[in-house]
Amino acid sequence: GESTWDRFTHTPGKIRNNDNGDMANDHYRLWKKDIGLMKKLGLQAYRFSISWPRVLPTGRGKVNQKGLDFYSKLVDGLLSAGIDPFVTLEHWDLPQALEDKGGWTARSTTEAFVEYADVISRALGDRVHSWITHNEPAVVAWLGYETGVHAPGVKDLPASLRAAHHLLLSHGMAVPVIRNNSKDAEVGITLNIGWKVPASNSKMDMDSARLDDGKWFRWFADPVYGRGYPSDMVKYFTKLGGAPNGLDFVQSGDMDTIAVPTDFIGLNYYGRNLH
């Protein structure tokens, strides 16, 4: 099925040089050779992301068995090579059919994600024991729904805050489902973190570093670990007009669901950020 990135990269002016992802590393056809390379390198684990629209073309409902079979064969091949499969369920590519209904700004997408997590963990849970729900939800929320430089290309701060909440909520809702389908599963979420360094000891620079850390890391890490949304950032987003009615998208019990106990946190660290 079509993903938000298929639509985004085929929209003129969205991607530099009008490139698209129709043909990337071709892992779908080269997976046996890729596993051979991994084995030659001595890798002990392989973290890969499953394409939601490849398995559920419209996001919910009928399963594309051919897509599911690919991941099953990949897992078997990895295990045969002595490589531990480490599955990421969502790495930015939401089915376009769900985006047409509001995407991550719609609460119904959290329910769709849980159904998707159930399908995958039922199919692979007998062999896969390491699971990541989302990869870098901050990127989806801020770049996808606030600045619009990533799919789906929305530029709407209030929408991005709703998207961030629903991404976190879907994580919390999916964790027990995965554990139920995958014996002895270890489940977590992966966040992107850059070490925030103020350019000087000035209040302006220190506040800037704190603000960036709050937006990109604390807004996601704090709720996952039961601290709720950071108060300084709630004030910041409210001042910007991102939450004119407060965090009205947060329903009773949501924060407890988001704070479901996890087994690990994945940290994608690219470098320091100077402010």
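Residues numbered from 1 in each chain as written. Predicted model: local features only at pLDDT ≥ 70, side-chain atom pairs only at ≥ 80, totals over all residues. Heavy atoms only, no water.

**What about the packing of helix 2 (residues 27-41) against helix 4 (residues 65-80)?**
Angle between the axes and distance between the axes are the two parameters that describe a pair of packed helices.
Stage number 1. Relative orientation of the contacting elements helix 2 and helix 4 amounts to 10°, with a least axis distance of 10 Å. Comparing their axes, helix 4 and helix 2 come out roughly parallel. Of helix 4, the residues touching helix 2 (which contributes His 27, Tyr 28, Trp 31, Ile 35 and Met 38) are Lys 66, Phe 70, Lys 73, Leu 74, Gly 77 and Leu 78.
Stage number 2. Here the residues of the contact of helix 2 with helix 4 sort into 7 nonpolar, 2 polar and 2 charged. (Axes fitted to C-alpha atoms, helices over the stretch in contact; angles between N-to-C directions. Helix = DSSP H or I, 4+ residues; strand = E, 2+ residues; numbered from the N terminus. Parallel < 35°, antiparallel > 145°, perpendicular 65-115°, else oblique. Contact = heavy atoms within 4.5 Å. Nonpolar A, V, L, I, M, F, W, Y, C, P; charged D, E, K, R; others polar.)

**Concerning the nonpolar core**
Stage number 1. Membership of the largest hydrophobic core comes to 64 residues, with the highest contact counts inside it found for Trp 131 and Trp 142.
Stage number 2. A per-element tally of this core places helix 8 (residues 157-181) first, with 10 residues. (Core = buried A, V, L, I, M, F, W, Y, C linked by side-chain atoms within 4.5 Å. Buried < 20%, exposed > 50% of the residue type's maximum accessible area, 1.4 Å probe, protein only.)

**Topic: the packing of aromatic side chains**
Stage number 1. If you walk through the whole model with that rule in mind, you get 17 aromatic pairs.
Stage number 2. Where Trp 52 meets Phe 113, the ring centres are 5.7 Å apart and the plane angle is 65°; that geometry is what we call edge-to-face. Here the residue Trp 52 occupies a position in helix 3 (residues 52-55), and Phe 113 occupies one in helix 6 (residues 108-124), the gap between them amounting to 61 residues.
Stage number 3. Residue class for Phe 113 comes out buried when judged on its relative accessible area of 0%.
Stage number 4. Pairwise contacts between aromatic rings join Trp 142, Trp 219, Phe 220, Tyr 229, Tyr 236 and Phe 237 into one cluster.
Stage number 5. Over the ring of Trp 142 we find Lys 215; its NZ or CZ atom is 5.4 Å from the centre of that ring. (Phe/Tyr/Trp six-rings, centres within 6.5 Å; stacked < 30°, edge-to-face > 60°. Lys NZ or Arg CZ within 6 Å of the ring centre and 35° of its normal.)

**Comments concerning the pattern of salt bridges**
Stage number 1. Under the criterion given, the structure shown has 15 salt bridges.
Stage number 2. Between Glu 2 and Arg 7 there is a salt bridge, with the nearest N and O atoms lying 2.8 Å from each other.
Stage number 3. Judged by its relative accessible area of 35%, Glu 2 falls in the partly exposed class.
Stage number 4. Across the salt bridge formed by Asp 213 and Arg 218, the nearest N and O atoms sit 3.2 Å from each other. For the pair formed by Asp 213 and Arg 218, the shared burial category is buried. (Salt bridge = Lys/Arg side-chain N within 4 Å of Asp/Glu carboxyl O.)

**Looking at the side chain of His 166**
Stage number 1. Among the secondary structure elements, His 166 is positioned in helix 8.
Stage number 2. Leave out the neighbours within four places in its chain, and His 166 touches Trp 104, Thr 105, Ala 106, Arg 107 and Thr 110.

**Focus: the sheet that holds strand 4 (residues 186-192)**
Stage number 1. A sheet is described by the order of its strands in space; here 5 strands give the open sequence 1-2-3-4-6, paired in parallel fashion. Edge positions in the open sheet fall to strand 1 (45-49) and strand 6 (264-268), since each of these has one partner strand only. Each adjacent strand pair in this sheet contributes to an overall mean axis angle of 25°, direction not counted.
Stage number 2. Pairing of strand 4 with strand 6 involves 5 bridges; the strand directions are parallel. Of the residues in strand 6, the one forming a bridge with Thr 190 is Gly 266. (Pairing = 2+ DSSP bridges.)

Purely geometric stuff here, so don't read any function into it on its own.
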